[in-house]
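Structural description and commentary
Below, each chain spelled out in residue letters.
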Amino acid sequence: KAMPAVLDDKNTRLGAFQACRRVARTVFLGSAPSVASQTVRGIGEQNIRLGCAQAGQSPGIYDDALKRMSDQLHHLYTGKGRYWYDTRPNLRREMEERSQRVEQYRMFSEMDARIKTALKPNTFTGTHVFTNNADIPDDTEFRLVVIEPIGPHRRDGKNTGAMAIARETLDNRGNQPRQYRNRLIFLACDEDMKPTLFDECRRYLAWGSILDDKDILNLDQSQIREATSSRDNSEKKLVAIIRETYKWLLIPIQETKPRGGLTDIIWQERHLSSSSATLGQNIMNVLKDNEELITQWAPGHLVTTLNTWHWAQDGVNDITVRHLWEDFGRYNYLPRLQDISTLQDCVNRGVQEGLFGLAVSKDGETYSQLKINEIVSCNPDCLIVKADFARKKLAELAPPAIPPTGVPDGRESAKDSGSTGAAIVDRPVPRSQQASLMNRFFATVDLQPEKMGLEASNIANEIIALLKGKYHSEVTVTLEISAYDKDGFEEHVQRAVRENCNTMKFRHAEFEEE
């Protein structure tokens, strides 16, 4: 049976108009006789539509038929928008034979490269495409694991191939149990789209191999153009199919039971649309929209988490930022933060709002540099302290208040023998007995130019904030810069420095000779 008739029978929309058969007759009658020596061969698309369409019919049905025939017929040639038959089979038969011989590892290698490109840009620390679980690091970094297409997934599938691979990767790293199970997200392909993905990948690689062997096959220029065009079209299809195929996110979580305890791992299934600009951006949007990845966290939620999971036991009043961050990476019932800076930012805002305290270190029951309701900058080794406990500790450390004497000018009072009130004795109290406070502070320090930003920030947080923020003092900071170059500063450097100094309102800035 002729291939145009087969295509009509397979597709009822085309068969209703016998579209493929009409196109085949039009191409044959419009292009014959045709010989290789002709400068212009075949019949154009517009003439094919005119030869096929009848009154009231849409020409688009014949465009679809022509496209399907170009993909299937072995003796139909195309070039520069024109179509013709030839007694020699075209390169499609060669492509189909080669596509059947494409090895699986070549397909997976090509898919690997295409998926990595499709995932850019993203905020994952690691993207592991078709990677063995033994080679996926077990740490606190946020990682995306792309599962091989041999393990596809389907909607609401509980025991799919993708789910089995995801469970194994979540539980183990090689022969060792995985510790940081809350840092992995999985991406799986759709079960129904898997055959289409494999077929298109084989076709693309087959067209590429034909072009690689063009000299061996003795292809003429027309055939080279045909192979190049077919390869490029197949590449575009492959990119689109990968986007449509890899559309399932598998996210492991745990929930608390109504009567206490935790559930087993629950796999959240998220469907990805193909509307976003890139696959990587689509994944990030879905995770953020469903709060399965938190990029900015409210301090109030942190307090609730600490009270529920870390400070529930009596006598536990603090936890280090590092310990808390590692717990967030280990346990699937805790929120999934993007990175440790997200947690640090939340802690800094919580201390400033007075929801908990922050200490640099702890020696026994004594906290070093304990602060609350202040601007802070925490690091992983700092301790988060319960708000009530922090205020209690700060109250214990506060110096006793000096009672007011009610006597001006530093003179002491004495009881007059004949009076019931206090009499002012015109005898000054010794300076050693007066409650005097220092009212002026000076300091100078040398800063390393390469670390100036960091050191200046530390000075602002640890010294200037104490002098000004708490006591509302008048604080003046003056920066003095001295530079020397034995060969002299070049003219463009001097000019740039002077302009920048004027812009920054320097009171005095100039170059001079030694």
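None of the values given here were measured: they were computed from a predicted structure.

1. Quick notes on the nonpolar core
- Formed by 35 residues in total, the largest nonpolar core has its most connected members in Leu144, Val146, Leu187, Leu249, Ile283 and Leu287.
- Beyond its immediate sequence surroundings of up to four residues, Leu287 is in contact with Phe124, Phe142, Ile185, Leu249, Ile251, Glu292 and Leu293.
- Core analysis: the next-biggest nonpolar cluster, separate from the first, contains 23 residues, Leu306, Leu343, Cys378 and Cys382 among them.

2. Some points on helix H18 (residues 491–503)
- For H18, built from 13 residues, the straight-helix expectation of 18 Å at 1.5 Å per residue is met to within 8% by its first-to-last C-alpha distance of 18 Å.
- Lys505 sits one or two positions beyond H18 and adopts a positive phi of about 65°.

3. Observations regarding the sheet that holds strand E3 (residues 82–85)
- Strand order in this open sheet of three strands is E1-E3-E2, and the pairing throughout is antiparallel. Each edge of the open sheet carries a strand with a single partner, namely strand E1 (43–44) and strand E2 (76–79).
- Looking at chain direction, E1 and E3 are connected through two bridges and run antiparallel. Paired with Ile43 across the strands is Tyr83, a residue of E3.

4. Comments concerning the environment of Ala2
- Examined against the element boundaries, Ala2 turns out to sit in the segment before helix H1 (3–10).
- Between the C-alpha atoms of Ala2 and Arg21, which are 19 residues apart in sequence, the distance is 9.0 Å.

5. Describing the pairing of strand E8 (residues 184–189)
- Most of E8 sits inside the fold, with six of its six residues counted as buried.
- Burial along E8 is two-sided: the face carrying Leu184, Phe186 and Ala188 and the face carrying Ile185, Leu187 and Cys189 are both buried.
- Alignment of strand E5 (residues 143–146) against E8, held across four bridges, turns out to be parallel. Residue pairing for E8: Val145 is matched across the bridge by Phe186.
- As paired elements, E8 and strand E9 (residues 246–253) share four bridges and run antiparallel to each other. Among the inter-strand pairings, Ala188 is bridged to a residue of E9, identified as Trp248.

6. What about the packing of helix H7 (residues 104–118) against helix H11 (residues 221–245)?
- Put simply, H7 and H11 touch, their axes get as near as 10 Å, and they point 70° apart. Of the possible angle classes, the one that applies to H7 and H11 is roughly perpendicular. Considering only the axes of H7 and H11, their crossing is right-handed. Contacts between H7 and H11 pair Glu110, Arg114 and Ile115 from the former with Glu235, Leu238, Val239 and Ile242 from the latter.
- Along the lines of polarity and charge, the residues of the contact of H7 with H11 split into four nonpolar, no polar and three charged.

7. So, the pattern of salt bridges
- Applying the stated criterion across every chain, the model contains 27 salt bridges.
- Across the pair Glu396 and Lys393 runs a salt bridge, and its minimum N-O distance is 4.0 Å. Linking Glu396 with Lys393, this pair stays in helix H16 (residues 387–397), spanning three residues, or about one helical turn.
- Taken together, the shared-partner salt bridges in this structure form one network comprising Arg13, Asp64 and Arg68.

8. Some points on the packing of H7 against helix H9 (residues 194–212)
- Packing of H7 against H9 brings their axes to within 10 Å, and their N-to-C directions diverge by 95°. Considering the angle they form, H7 stands roughly perpendicular to H9. Listed contacts from H9 to Arg106, Met107, Phe108, Glu110, Met111 and Arg114 of H7 are Leu197, Phe198, Cys201, Arg202, Tyr204 and Leu205.

9. A look at the pairing of E3
- Pairing analysis gives four bridges linking E2 to E3, with the strands arranged antiparallel. Its bridge partner being in E3, Leu76 is matched across the sheet by Tyr85.
- The antiparallel hairpin formed by E2 and E3 contains two residues in its connecting segment, where Lys80 sits at a positive phi of about 55°.

10. Thoughts on unusual backbone geometry
- Lys120 connects to Pro121 through a cis peptide bond whose omega is -5°.
- Assignment of secondary structure puts Pro121 in the loop between H7 and strand E4 (126–129).
- For Glu291, which is not glycine, the phi torsion reads 55° and is therefore positive.
- Its identity is not glycine, yet Gln369 carries a phi of approximately 55°, on the positive side.
- Relative to the helices and strands, Gln369 is located in the loop between strand E14 (366–368) and strand E15 (383–386).

Rules used in this analysis
- Residues numbered from 1 in each chain as written.
- Predicted model: local features only at pLDDT ≥ 70, side-chain atom pairs only at ≥ 80, totals over all residues.
- Heavy atoms only, no water.
- Core = buried A, V, L, I, M, F, W, Y, C linked by side-chain atoms within 4.5 Å.
- Buried < 20%, exposed > 50% of the residue type's maximum accessible area, 1.4 Å probe, protein only.
- Contact = heavy atoms within 4.5 Å.
- Helix = DSSP H or I, 4+ residues; strand = E, 2+ residues; numbered from the N terminus.
- Expected span 1.5 Å × (residues − 1).
- Pairing = 2+ DSSP bridges.
- Axes fitted to C-alpha atoms, helices over the stretch in contact; angles between N-to-C directions.
- Parallel < 35°, antiparallel > 145°, perpendicular 65-115°, else oblique.
- Left-handed = near helix turned anticlockwise from the far one by under 90°.
- Nonpolar A, V, L, I, M, F, W, Y, C, P; charged D, E, K, R; others polar.
- Salt bridge = Lys/Arg side-chain N within 4 Å of Asp/Glu carboxyl O.

In short, shape yes, function no, at least from these values alone.
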